[in-house]
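# Structural characterization, general
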Amino acid sequence: MSTILFEDINVKYDKTEQYALKNLNLTIQAGQIVSLIGPSGCGKSTTLNLASGLLTPTSGAVKINDSEITGPGLDRGVVFQNYSLFPWMTVLENITFALKQKSKEPKEVITKKAIQILEKVGLDEKAQKSFPSALSGGMQQRVAIARMFILDAPVFLMDEPFSAVDEITRNQLQDLLLNLWEEGETKKTVLVVTHNIDEAIFLSDRVVVLHDGQIQEDLAIPFKRPRNRFNIDQEEEYTKIRRELLKAISGEY
Ligand SMILES: Nc1ncnc2c1ncn2[C@@H]1O[C@H](COP(=O)(O)OP(=O)(O)OP(=O)(O)O)[C@@H](O)[C@H]1O
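Residues numbered from 1 in each chain as written. Predicted model: local features only at pLDDT ≥ 70, side-chain atom pairs only at ≥ 80, totals over all residues. Heavy atoms only, no water.

- If you check an unreviewed UniProt entry, the protein appears there as ABC transporter from Schinkia azotoformans LMG 9581.
- The annotation that UniProt attaches to the protein under Subcellular location (unreviewed entry) is "Cell membrane". (UniProt positions renumbered as here; feature names shortened; annotations may be inferred.)

In structure tokens, the structure reads:
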């Protein structure tokens, strides 16, 4: 199990005056799902890119357990908004290619595992043989989620993973993510960037609101798992949390 630690982080991009992140201290406990939310430009993707190793902080350190992150690594699975698949490979090849990087098992075993996970996320043989461009956005994100789970990294990083799909598909993908996460023997540590308050509440153990590169609010989400979206939004606590987050996001404190 892996804890992600952001320690005294400052980030200033080249040729900019402002700091994108200022004195950020944040710990994502092992096995927790934490959402980052906040207005456009507040530093959500910058924070996620630090954890993925695509970006180095100007000062401070990002660690997984005791090890400082110095670049991308197989210990972190990543899903972006605009599908992280190789367009020149079929869906099945996208999964087997990823698995081959990690596993020395025979080709037949790898193919069998890939087919199993794709069936589990609801992609039949026809979809498996298709190229990503022939699939809907929702189906492509199913492939990206399948790949993330089969690679079995202890940390998942997701940048607006469901924002390009319609609301029904979005709900289905959230359920898929939570079902796979709950099934896991060792719980993955998940950091999700989203613009959607209801998504953040439904998925998360904690929701962190960023504002101008600083933490504005850090709220625990108390609802028991497994969650049912049609039950939790009836609870009084839900309305209270939603209101609190909305206020923090819009800068009314
Ligand atoms: N490559 C870059 N070069 C210069 N400035 C950047 C770069 N990337 C981000 N920034 C700036 O850093 C700040 C934080 O950006 P970031 O993308 O992390 O915000 P965000 O909260 O993810 O925004 P959004 O919700 O619009 O995706 C913004 O002011 C942005 O303009």
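Having put the structure on the table, let's press on.
## Here we look at the sheet that holds strand β7 (residues 155-159)
- Taken together, the 6 strands give an open sheet; going across it, the order is β6-β7-β8-β3-β9-β10, and neighbouring strands pair in mixed fashion. Taken across any chain shown, the strands that pair with only one partner, and hence form the sheet edges, are β6 (76-80) and β10 (214-220). Each neighbouring strand pair of the sheet contributes to a mean axis angle of 15 degrees, computed without reference to strand direction.
- Here strand β9 (residues 206-211) pairs with β10 via 6 bridges, running antiparallel. (Pairing = 2+ DSSP bridges. Helix = DSSP H or I, 4+ residues; strand = E, 2+ residues; numbered from the N terminus. Axes fitted to C-alpha atoms, helices over the stretch in contact; angles between N-to-C directions.)

## Overview of the nonpolar core
- One finds I95, L118, V143, F149, M158, I201 and L245 to be the most contacted residues of the largest nonpolar core, which totals 51 residues.
- With 7 residues, the single largest contributor to this core is helix α5 (residues 137-151).
- When residues of this core are assigned to domains, at least three map to each of domain 1 (4-75 + 153-249) and domain 2 (85-152).
- Membership of the second largest hydrophobic core comes to 25 residues, among which are A20, V62, L191 and L210. (Core = buried A, V, L, I, M, F, W, Y, C linked by side-chain atoms within 4.5 Å. Buried < 20%, exposed > 50% of the residue type's maximum accessible area, 1.4 Å probe, protein only. Domains from an automatic or database assignment.)

## Topic: the site of the ligand
- Near the ligand you find 13 residues, and of these S40, G41, K44, T46 and H195 are the closest.
- In the model, an oxygen atom of the ligand is placed 2.7 Å from a nitrogen or oxygen of the K44 side chain.
- Separating an oxygen atom of the ligand from a backbone N or O atom of S45 is a distance of 2.9 Å.
- When isolated, the ligand has an accessible area of 630 Å², and the protein chains bury 59% of it.
- Residue composition of the shell around the ligand, by class: 4 nonpolar, 7 polar and 2 charged. (Near = heavy atom within 4 Å. Polar contact = N/O pair within 3.5 Å; in protein donor to acceptor, adjacent residues only side chain to side chain. Areas by Shrake-Rupley, 256 points an atom, 1.4 Å probe, with all protein chains shown as cover. Nonpolar A, V, L, I, M, F, W, Y, C, P; charged D, E, K, R; others polar.)

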